[in-house]
Amino acid sequence: MSIAVNLDEKLVNDARSQSKVLSRSVTKQIEHWAKIGHIAEDNQDLTYRQIKDILLGLEDYKSGKIEKYKRGIL
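The rules behind these values
- The numbers attached to residues start from 1 for each chain and follow its sequence in the written order.
- Local features are withheld for residues below a pLDDT of 70 in this predicted model, meaning they are given only at 70 or higher, and side-chain atom pairs are given and counted only at 80 or more; totals for whole chains, interfaces and linings count all residues.
- With hydrogens and water stripped out, all remaining heavy atoms of the structure feed into the side-chain values.
- Here a helix means four or more residues in a row that DSSP labels H or I, a strand means two or more in a row labelled E, and each is numbered from the N terminus.
- Expected span of a helix, by definition, is 1.5 Å for each gap between consecutive residues, and there is one gap fewer than residues.
- Burial status follows relative accessibility: with a 1.4 Å probe on protein chains alone, a residue under 20% of its type maximum counts as buried, one over 50% as exposed, and anything between as partly exposed.
- The arc under discussion is defined with respect to the helix axis, by the directions toward the C-beta atoms.
- Whether two residues are in contact is decided by their heavy atoms: any pair within 4.5 Å suffices.
- Side-chain atoms alone can form a polar contact between residues adjacent in sequence; in general such a contact is a pair of N or O atoms within 3.5 Å, and within protein one must be able to donate a hydrogen while the other accepts it.

Chemist: So what about helix α1 (residues 9-22)? Which residues, and what values?
Modeler: For α1, which comprises 14 residues, the first-to-last C-alpha distance of 20 Å matches the rise-based estimate of 20 Å (1.5 Å per residue) to within 8%. Residues of α1 that are buried include every one of Val12, Ala15 and Ser19, and no others. One face of α1 carries all of its buried residues, which in axial projection span an arc of 60°. For α1, the exposed residues set more than 90 degrees away from the buried face come down to Lys10, Lys20 and Val21. Each element contacted by the buried residues of α1 is listed here: α2 (26-42). Taking the backbone nitrogen of lysine 10 as reference, a side-chain oxygen 3.0 Å away marks aspartate 8 as the first, capping residue of α1.

Rendered as structure tokens:
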């Protein structure tokens, strides 16, 4: 579902700059920030790095890029 939303011009300009660097659309960049912000509000003890690592781990799990942990073996 999509809806029209009025956003601050500075936010949109910041998103435009970030989206170019990260190869995302402006919309996807703002959605990314909203997702991170939502997670951060619900988990105030986590750092940005921890949130990012958790999200990366979940994507690895979804795509099957995981190995079973073998205790004591590096």
